[in-house]
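Next come the chains, spelled out residue by residue.
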Amino acid sequence: IDTGRGVYLRSEGGRVLFGMDDPEQPAGFEEGMDWEWLERVLTTGAVRFPWWEEMGVDRRGSWWGYYEVTPDHAPLIGFHPQADGWIDVCGFSGHGVMHAPAAGAAVAELATLGASRTVPVEAFGHGRLTGPEPAGEAHIF
């Protein structure tokens, strides 16, 4: 991850998965590949990773996806205030695999005990999104 420019990459077999957040994209769901944005990602990434200019892009193998984030870029864990019996565990913005064991333990306890005892998750509840502007987290785009 180039935190200064916001581009990221990782290998996937013989391919490279890469991307960059678009802070000007409005919140919500938008479908379809934005080829102009892809060009901006490539030119931005080539500054940090010069070999990007030569790698080429397989347009048929290109895809887009949702990057689930909350307004403060922290996960949302807890009972949904408008859906009885529903527990949300989402918004990990790419960190889900890292946090899965702890989040899983918390949700299992929420479901069976009504509260998380092993991992305190109160700070990740829905209520934090209804108050003043959340602080956010450095290095998360």
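You'll find the structure just up there.
Residues numbered from 1 in each chain as written. Predicted model: local features only at pLDDT ≥ 70, side-chain atom pairs only at ≥ 80, totals over all residues. Heavy atoms only, no water.

A tally of helices and strands in the chain yields three helices and four strands. Reading the helices (α) and strands (β) of the chain from amino to carboxyl end gives β-β-α-α-β-β-α. In terms of overall size, the chain is more extended than a compact globule, its C-alpha atoms giving a radius of gyration of 18 Å where 141 residues would be expected to give roughly 14 Å. Overall, the chain is about 55 × 35 × 25 Å in size when its C-alpha atoms are taken along their principal axes. (Helix = DSSP H or I, 4+ residues; strand = E, 2+ residues; numbered from the N terminus. Rg over C-alpha atoms; globule rule 2.2 N^0.38 Å.)

The relative placement of two aromatic rings is captured by the distance of their centres and the angle of their planes. Applying the stated criterion across every chain, the model contains four aromatic pairs. With a centroid separation of 6.2 Å and 75 degrees between ring planes, the pair formed by Trp51 and Trp52 is classed as edge-to-face. We classify Trp51 as partly exposed; its relative accessible area is 40%. Using a relative accessible area of 3% as the deciding quantity, one classes Trp52 as buried. (Phe/Tyr/Trp six-rings, centres within 6.5 Å; stacked < 30°, edge-to-face > 60°. Buried < 20%, exposed > 50% of the residue type's maximum accessible area, 1.4 Å probe, protein only.)

Attention now moves to the pattern of salt bridges. Scanning the entire structure with this criterion turns up four salt bridges. Between Arg128 and Asp72 there is a salt bridge, with its nearest N and O atoms 2.6 Å apart. In this pair, Arg128 is assigned in the segment after α3 (96-113) and Asp72 in the loop between α2 (52-55) and β3 (76-79), connecting sequence segments 56 residues apart. With respect to class, Arg128 is no different from Asp72; both count as buried. (Salt bridge = Lys/Arg side-chain N within 4 Å of Asp/Glu carboxyl O.)

This part covers the environment of Gly94. Note that Gly94 resides in the loop between β4 (87-90) and α3. Put simply, Gly94 and Val69 are 25 residues apart on the chain and 8.6 Å apart in space, counted from C-alpha to C-alpha.

The next subject is the nonpolar core. Formed by Val7, Met20, Trp37, Leu38, Val41, Leu42, Ala46, Phe49 and Trp52, the largest nonpolar core amounts to nine residues. Among the elements that make up this core, the one with the highest residue count is helix α1 (residues 35-48) (five residues). Dropping the residues within four chain positions of it, Phe49 is found in contact with Val7 and Leu9. Counting residues in each nonpolar core, the second largest holds eight residues, with Ile87, Ala106, Val107 and Val121 among its members. (Core = buried A, V, L, I, M, F, W, Y, C linked by side-chain atoms within 4.5 Å. Contact = heavy atoms within 4.5 Å.)

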